[in-house]
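Structural overview for review
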Amino acid sequence: MSHTLGIRQAQKQKTRQALLDAALGLLEEQSLSSLGLREVTRAVGVAPTAFYRHFRSTADLGVSLVEEALGSLHPMIRTTVATGDSSDERIARAIELIAGHVDAYPAHVRFIARERHGGVQPVREAIRDQLARFAEEVKTELAKDPESVGWNDDDLLMLAHLYVDQMLITASLFLEALEGPKEERERVAQVATRQMRLISIGRHHWPA
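Residues numbered from 1 in each chain as written. Predicted model: local features only at pLDDT ≥ 70, side-chain atom pairs only at ≥ 80, totals over all residues. Heavy atoms only, no water.

1. Notes on the pattern of salt bridges
What counts here: Think of a salt bridge as a Lys or Arg side-chain nitrogen and an Asp or Glu carboxyl oxygen that are within 4 Å of each other. Elements are defined by DSSP. Helices are runs of H or I of four residues or more, strands are runs of E of two residues or more, and each kind is numbered from the N terminus. Each residue's exposure class comes from its accessible area (1.4 Å probe, protein chains only) as a fraction of the maximum for that residue type: buried when under 20%, exposed when over 50%, partly exposed otherwise.
Tallying each qualifying case throughout the model produces 13 salt bridges. Across the pair Asp145 and Arg90 runs a salt bridge, and its minimum N-O distance is 3.1 Å. Residue Asp145 is found in the loop between α8 (121-142) and α9 (153-176), and its partner Arg90 is found in helix α6 (residues 87-104); the two are separated by 55 residues along the sequence. Take Asp145 and Arg90: they sit in the same class, and that class is buried. Lys144 is the salt-bridge partner of Glu141, the closest N and O atoms lying 3.3 Å from each other. A relative accessible area of 10% places Glu141 in the buried class. Among the charged side chains, a network of salt bridges with common partners joins Arg90, Asp145, Glu147 and Arg203.

The structure is reproduced here in structure tokens:
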């Protein structure tokens, strides 16, 4: 009996992932607000009613895509901004992480970039919550720096948000350069490096 349940659970998970993958593919050319569940189920080859065994709505599916796109990045972000290295080393590591993530998951990055200010409120809120988690995690690491002595939580969180926002901007620019010449990607990396260095320099002159 347990073996049968295990097979059913595995099949259910497989269908759920197929729905997520199909939706992500369809969202390459449209926004979530215009996506119909029948489009998604047709792409997977299941009946429309099967959709509701996995998601309450396309908005619910979109929230799951947000988790898929951003959830796994938290450990990497913490590692990237961990103390012990120089500011320049951390910046270089962050840009390398962003470039690699865009190369590996362009559809996810495109989805986040489009839906961050899109028309589906639960998805906007899910993205906002994930970014807030990133900022809190960055703040926790920044607080360990000797340079953070005397900083209050609000200012540290503001600094963390600046870094997170810059990472998002950089990801979008790498995405635009994905199909372009190597020189364009190098230019994006150079500009992003300068911008993050500017944030870092500003940090040293902020009154604690």
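Moving on from the coordinates now.
2. With respect to helix α10 (residues 182-204)
So the rule is basically this: Given the number of residues in a helix, its expected span is that number minus one, multiplied by 1.5 Å. Working rule for contacts: check all heavy atoms of both residues, and any pair within 4.5 Å makes them a contact.
With 23 residues, α10 extends 34 Å between its outermost C-alpha atoms, agreeing within 8% with the 33 Å of an ideal straight helix rising 1.5 Å per residue. By the burial criterion, the buried members of α10 are Val188, Ala192, Thr193, Met196, Ile199, Ser200 and Arg203. Where α10 is buried, its residues touch α6, α8 and α9.

3. Some points on the packing of aromatic side chains
Put simply, the rule reads: Any two rings among Phe, Tyr and Trp, with Trp reduced to its six-membered ring, count as a pair given centres within 6.5 Å; such a pair is stacked if its planes are under 30 degrees apart, edge-to-face if over 60, and tilted if neither.
Going through the model one piece at a time under the given rule, you end up with two aromatic pairs. Ring geometry for Phe51 and Tyr52: centres 5.6 Å apart, planes at 80°, overall edge-to-face. Residue class for Phe51 comes out buried when judged on its relative accessible area of 0%. Both rings, one in Phe51 and one in Phe55, keep their centres 5.6 Å apart while their planes meet at 45°; by these two values the pair is tilted.

4. Structural notes on the side chain of Ser64
Along the chain, the position of Ser64 falls in helix α4 (residues 58-70). Judged by relative accessible area, which is 16%, Ser64 ranks as buried. In this structure, Ser64 is in contact with Arg16, Leu20 and Phe55, ignoring residues within four places of it in sequence.

5. Digging into a nonpolar patch on the surface
Put simply, the test is: Patches draw on residues past 30% relative accessible area with no salt bridge. Two like charges within 9 Å are joined, as are two nonpolar side chains (Val, Leu, Ile, Met, Phe, Trp, Tyr) within 5 Å. Per-residue and other accessible areas follow the Shrake-Rupley method at a 1.4 Å probe size, with only the shown protein chains counted as cover for residues.
Taken together, the side chains of Met158, Leu162 and Trp206 present a nonpolar region at the surface, about 280 Å² in accessible area. Positionally, Trp206 belongs in the segment after α10. Overall, Trp206 belongs to the partly exposed group, its relative accessible area being 40%.

6. Quick notes on the environment of Gln166
Secondary-structure assignment places Gln166 in helix α9. In the structure, Gln166 is positioned 37 residues away from Asp129 in sequence and 17 Å away in space, judged by C-alpha atoms. Discounting chain neighbours no more than four positions away, the residues touching Gln166 are Gln195, Met196 and Ile199.

7. Some remarks on the nonpolar core
Filter applied, for reference: To form a nonpolar core, buried Ala, Val, Leu, Ile, Met, Phe, Trp, Tyr and Cys residues must be joined to one another through side-chain atoms within 4.5 Å.
Leu65, Val66 and Phe111 are the most contacted members of the largest nonpolar core, which has 57 residues in total. Looking at this core, the elements that each hand over two or more residues are α1 (2-26), α2 (37-44), α4, α6, α7 (106-115), α8, α9 and α10. Ranked by residues supplied to this core, first place goes to α9 with ten residues. With residues near it in sequence (within four places) discarded, Phe111 still touches Leu24, Leu27, Gly62, Leu65, Val66 and Val123.

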